[in-house]
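# Tertiary structure, described
So you can see what is in the structure, the chains are spelled out below.
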Amino acid sequence: MYIYPQLETQLKFYCNPSTYLDMISGLSFRRRAQNRFDQAYENILPLYVYAECPYCYTKCMEKIDTYSIMPGRMQFSLNTGSVLPKDYPQNYEVPCNHYLGVHTFLNLHNNIPIETRPFNNIAGEIPYITPWLLPDDIPAQAIIHALPICRVVNDVFIPSYTQFIISYFSLAPRLILDTHYANERKISEEDSEYYPRTVLLPHSYPNTLSDRIIKILQRDGVLPLENQQDPFDGYVHNLSLWARNGNLGYLDYSQKTLDLKIGVNLALPNLYLDIKGKGYAYSWNNNKIQPL
């Protein structure tokens, strides 16, 4: 049974399982990973609201494959961690002027992803906040939402996984990126092996921090210099803390209109509290889960 039945009312189905499986069988892994799809496949994808801008209240919508887990990714995804182009988001068709991007987390809930091989989960399964995208000195907020992802069992779509989506917004999104990248360049000058990235990477397996990540978190004020304990559970994974501080809101999945809830002292739904799963990046291949 699916762990979050309260999310299932969001699901939309525009094809039957047999048609879907026939359609994706003709899509190569490389094309899917590059978000290159056939128009026929695009036509069967449901359109979902996944966020709302807390500044201009624009609804953010995208066609998302909730029929099964796929190696494709959402538009404007920050998951790769790569440095974004200098003209982003100004010259991109983002939902609104305040939009910065999305960070997604796929939780398998201990299900084995036999539908796709190989399968890389580069963000881990537990959603967390990237602190430098919500700085104290630049107005910025994030919105979290969750969608069930199905698998095909006996010619039936069965909700099995959950995709958590954290969307970032700011009154000055490019300034946030420029400020962060300037700090990244400083680290690169000190460490020739360091590669700049946009979002915080999941902590290394098994729940320990590398010296490099400790340095980053200390630099950004996330981790005190005298304390090298793992801050993920107490800080970046503590979504309720960010919500109470007014930095994180959510879409009310109990309402068909998915009303935005955000503000100081906001209490998140229980669904977003104490999420279980693998808090590290991993790969599934040859019937094995291998930490990345």
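Above this text you will find the structure in question.
Below you will find a few notes about this structure. Keep in mind it's a predicted model, so treat the numbers as computed, not measured.

## What about the overall build of the protein chain?
- A tally of regular secondary structure across the protein chain gives seven helices and ten strands.
- Residue burial in the protein chain is summarised as follows: out of 292 residues, 52% are buried.
- Long-range pairs, those at least 24 residues apart, make up 66% of the contacts in the protein chain between residues at least 6 apart in sequence.

## Some details on the sheet that holds strand β4 (residues 119-121)
- Sheet architecture is open: three strands sit in the order β4-β9-β10, paired in antiparallel fashion. With one partner strand each, in any of the chains shown, β4 and β10 (288-291) form the two edges of the open sheet. Across the sheet, the mean angle from the axis of one strand to that of its neighbour is 20 degrees, orientation sign disregarded.
- Bridging between strand β9 (residues 282-285) and β10 involves four bridges; their strand directions are antiparallel. When the sheet's bridge partners are listed, Tyr-282 is paired in β10 with Pro-291.

## Here we look at the pattern of salt bridges
- Within the structure shown, the criterion is met by five salt bridges.
- The partner of Arg-174 in a salt bridge is Asp-178, with the nearest N and O atoms 2.9 Å apart. You can see Arg-174 and its partner Asp-178 sitting in helix α4 (residues 173-190), four residues apart, about one turn around the helix.
- Residue Arg-174 is classed as buried on the basis of its relative accessible area, which comes to 12%.
- When the shortest N-O distance is used, the salt bridge between Asp-274 and Lys-276 registers 3.1 Å. In terms of burial, Asp-274 and Lys-276 fall into one category: exposed.

## So, the pairing of strand β6 (residues 156-170)
- Within β6, 13 of the 15 residues are buried, which leaves the element mostly enclosed by the surrounding structure.
- Note: strand β3 (residues 99-107) against β6, eight bridges, orientation antiparallel. When the sheet's bridge partners are listed, Leu-106 is paired in β6 with Gln-163.
- Sheet topology places strand β5 (residues 140-153) next to β6; 14 bridges connect them, and they run antiparallel.

## Topic: the nonpolar core
- Counting residues in each nonpolar core, the largest one holds 71 residues, and the members touching the most others are Tyr-20, Tyr-99, Ile-129, Leu-133, Tyr-168, Leu-248 and Tyr-272.
- Taken together, the elements giving at least two residues each to this core come down to α1 (17-25), β1 (47-52), β3, β5, β6, α4, α7 (239-244) and β7 (248-251).
- At seven residues, β5 tops the list of elements feeding residues into this core.
- In this structure, Leu-108, Phe-119, Tyr-282 and Trp-284 belong to the second largest nonpolar core, which totals nine residues.

## Observations regarding α1
- Considered for burial, the residues of α1 that qualify are Pro-17, Tyr-20 and Ile-24. Down the axis of α1, the smallest arc covering the buried residues is 60 degrees, so these residues share one side. Away from the buried face of α1 by more than 90 degrees, exposed residues Asp-22 and Ser-25 are located.

## Side note on a nonpolar patch on the surface
- A cluster of nonpolar side chains, namely Val-153, Val-156 and Ile-158, defines an oily patch on the protein surface of about 200 Å² accessible area.
- Relative to the elements of secondary structure, Val-153 occurs in strand β5.
- Judged by relative accessible area, Val-153 falls into the partly exposed class, the value being 36%.

## Describing the packing of aromatic side chains
- Considering all chains together, one arrives at 16 aromatic pairs under this definition.
- Where Tyr-20 meets Phe-157, the ring centres are 6.0 Å apart and the plane angle is 70 degrees; that geometry is what we call edge-to-face. Pair noted here: Tyr-20 is in helix α1 and Phe-157 is in strand β6, with a separation of 137 residues, a long-range link.
- Note on Tyr-20: relative accessible area 0%, which makes it buried.
- Geometrically, the ring pair formed by Phe-164 and Tyr-272 is edge-to-face, given 6.3 Å between the ring centres and 65 degrees between the ring planes. One end of the pair, Phe-164, is in strand β6; the other, Tyr-272, is in the loop between β8 (260-261) and β9, and 108 residues separate them in sequence. For the pair Phe-164 and Tyr-272, one class covers both residues: buried.
- Members of the aromatic cluster, connected to one another through ring pairs, are Tyr-2, Tyr-4, Phe-164, Tyr-253 and Tyr-272.

What counts and how
- Residues numbered from 1 in each chain as written.
- Predicted model: local features only at pLDDT ≥ 70, side-chain atom pairs only at ≥ 80, totals over all residues.
- Heavy atoms only, no water.
- Helix = DSSP H or I, 4+ residues; strand = E, 2+ residues; numbered from the N terminus.
- Buried < 20%, exposed > 50% of the residue type's maximum accessible area, 1.4 Å probe, protein only.
- Contact = heavy atoms within 4.5 Å.
- Pairing = 2+ DSSP bridges.
- Axes fitted to C-alpha atoms, helices over the stretch in contact; angles between N-to-C directions.
- Salt bridge = Lys/Arg side-chain N within 4 Å of Asp/Glu carboxyl O.
- Core = buried A, V, L, I, M, F, W, Y, C linked by side-chain atoms within 4.5 Å.
- Arc of directions from axis to C-beta.
- Patch = residues over 30% accessible without salt bridge, like charges linked within 9 Å, V, L, I, M, F, W, Y side chains within 5 Å.
- Areas by Shrake-Rupley, 256 points an atom, 1.4 Å probe, with all protein chains shown as cover.
- Phe/Tyr/Trp six-rings, centres within 6.5 Å; stacked < 30°, edge-to-face > 60°.

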